[in-house]
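Breakdown of the fold
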Amino acid sequence: MSSYSGRHRTPTRAERRAATGRRRLPKAFGAGYALPTAAAATLVVTAGGATAAQTTALASGTAVSAFTAPAAQHSEALADPALAERSKGEVAQTVAGYTDLAQRRQESSQSVAEGQGRAQERQRVARDKKRKELAAQKREAAKQRAAEKKAAAKELGVSPEDVTVDAAGTPAVADGAWVLPLTNPVFTSGFGPRWGRMHAGDDFGVPIGTPLRAMSNGEVVFAGQQSGYGTMVDIRYTDGTISRYGHMSSLQVTVGQKVSAGEQVGLSGNSGRSTGPHLHLEIHPGGGEPVAPRSWLAAKGLTY
């Protein structure tokens with residue numbers, strides 16, 4: 001039968017040390033792990049400026065008998081006021097370096113932000129300038145169109161509202177508008193009885209070769225010679241009214257041709273039974289009997 005101790009395992013090294021009362025120093029306190037510099041010995045600076053080394057038992061002078069000889073020498077070094085002061089200086093210099101670096105980084109970031117802000121401001125100013133230039137160009141274009149419409153309206157004898165200007169800047173009478181048959185008409189004789197017979201229209205004294213225009217949108221229903229009228233053109237407009245131009249010198253349209261308001265249809269003259277160069281104008285509402293052109297045109301907003 002084996003002994004009692006033989007039935008149990010062999011004690012471990014730690015258990016043997018515990019049984020004999022031996023204590024082992026941490027490796028950090030051994031000679032091989034001595035702190036290499038005074039700066040490394042001073043681990044942290046508190047808010048009051050004291051080092052952590054000064055707050056330890058080493059700084060207060062308490063002896064640690066378990067330290068090895070090299071560790072004790074380091075303890076004495078940590079308690080050296082001059083070394084501690086130098087260590088504080090090194091730490092303060094390091095902190096100052098980090099502070100300076102952080103400040104330079106902040107200044108660099110601020111400089112970049114300011115540069116971006118200036119670039120954005122320049123872009124905004126450029127956009128505002130471009131918008132103002134475009135607005136000025138539009139105003140100038142509108143002003144020019146208004147002047148063109150006004151000049152065309154004066155020439156055509158209509159209001160500017162009845163004039164349109166295309167993309168090429170060419171003015172024209174708006175659809176459905178009415179114009180006088182010639183520019184700056186000079187009224188010489190009116191509608192009514194004359195020399196024992198009916199004068200069915202108004203006469204306008206103009207030089208031979210004065211351009212004559214269609215008064216609105218319509219269709220040519222007669223273009224040729226007529227007794228008493230000489231060279232003549234009749235135009236039926238969209239409302240059924242027929243206008244007649246007599247004593248012309250030439251025609252520029254043919255029967256069945258579509259015409260627009262203000263479109264040139266021929267030239268004035270002195271053909272037929274005439275006492276001098278003039279335009280004889282008749283108005284036949286609905287193609288019926290003639291009426292006084294002056295009052296009829298006045299109802300269209302046209303006066304002379």
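Residues numbered from 1 in each chain as written. Predicted model: local features only at pLDDT ≥ 70, side-chain atom pairs only at ≥ 80, totals over all residues. Heavy atoms only, no water.

A separate point is the layout of surface pockets. Its boundaries defined by the atoms lining it, the largest pocket holds a volume of some 530 Å³. As for the largest pocket, its lining consists of 21 residues, and the residues nearest its centre are Arg194, His199, His247, Arg273 and His280. Contributions of two or more residues to the lining of the largest pocket are made by β3 (187-189), β5 (197-199), β6 (202-205) and β13 (278-284). (1 Å grid on protein atoms, 1.4 Å probe; cavity = no way out; pocket = protein on both sides within 12 Å on 5 of 7 lines; lining within 4 Å. Points joined across faces, edges and corners; volume = space filled by probe spheres on them. Helix = DSSP H or I, 4+ residues; strand = E, 2+ residues; numbered from the N terminus.)

On inspection of all chains with the given rule, the structure shows ten salt bridges. As a salt-bridge pair, Lys258 and Glu219 come within 3.2 Å of each other at their nearest N and O atoms. Of this pair, Lys258 sits in strand β11 (residues 258-259) while Glu219 sits in strand β8 (residues 218-226); the two residues are 39 residues apart in sequence, bridging distant segments of the chain. For Glu219, a relative accessible area of 28% puts it in the partly exposed group. (Salt bridge = Lys/Arg side-chain N within 4 Å of Asp/Glu carboxyl O. Buried < 20%, exposed > 50% of the residue type's maximum accessible area, 1.4 Å probe, protein only.)

Compared with an ideal rise of 1.5 Å per residue, which puts 76 residues at 112 Å, helix α4 (residues 81-156) spans 110 Å between its outermost C-alpha atoms and is within 8% of the ideal. Residues Leu83, Ala84, Ser87, Ala152, Ala153 and Leu156 constitute the buried set of α4. Gly157 occupies a position one or two residues after α4 and carries a positive phi of about 75°. (Expected span 1.5 Å × (residues − 1).)

When you line up the elements, Asp203 lands in strand β6. Excluding residues that lie within four positions of it along the chain, Asp203 makes contacts with Val186, Phe187, Thr188, Ser189, Arg194, His278, Leu279 and His280. (Contact = heavy atoms within 4.5 Å.)

Residues Met215, Ile235, Tyr245, Val265 and Leu297 are the most contacted members of the largest nonpolar core, which totals 33 residues. Elements that contribute at least two residues to this core include exactly α4, β9 (230-237), β10 (242-251), β13 and α5 (293-299). With near-sequence residues (within four places) excluded, Met215 lies in contact with Ala177, Trp178, Val179, Pro181, Tyr237, Ser243, Tyr245, Ala261, Leu281, Ile283 and Leu297. (Core = buried A, V, L, I, M, F, W, Y, C linked by side-chain atoms within 4.5 Å.)

Before going further, it helps to examine the pairing of β8. Bridge analysis of β8 against β11 gives two bridges, and the strand direction is antiparallel. Looking at β11, one finds that Gly218 is bridged to Val259. Bridge analysis of β8 against β9 gives eight bridges, and the strand direction is antiparallel. Each residue of the ladder has a partner; that of Gln225, found in β9, is Thr231. If you look at the hairpin formed by β8 and β9, you'll find three residues sitting between the two strands, and Gly228 has a positive phi there, around 85°. (Pairing = 2+ DSSP bridges.)

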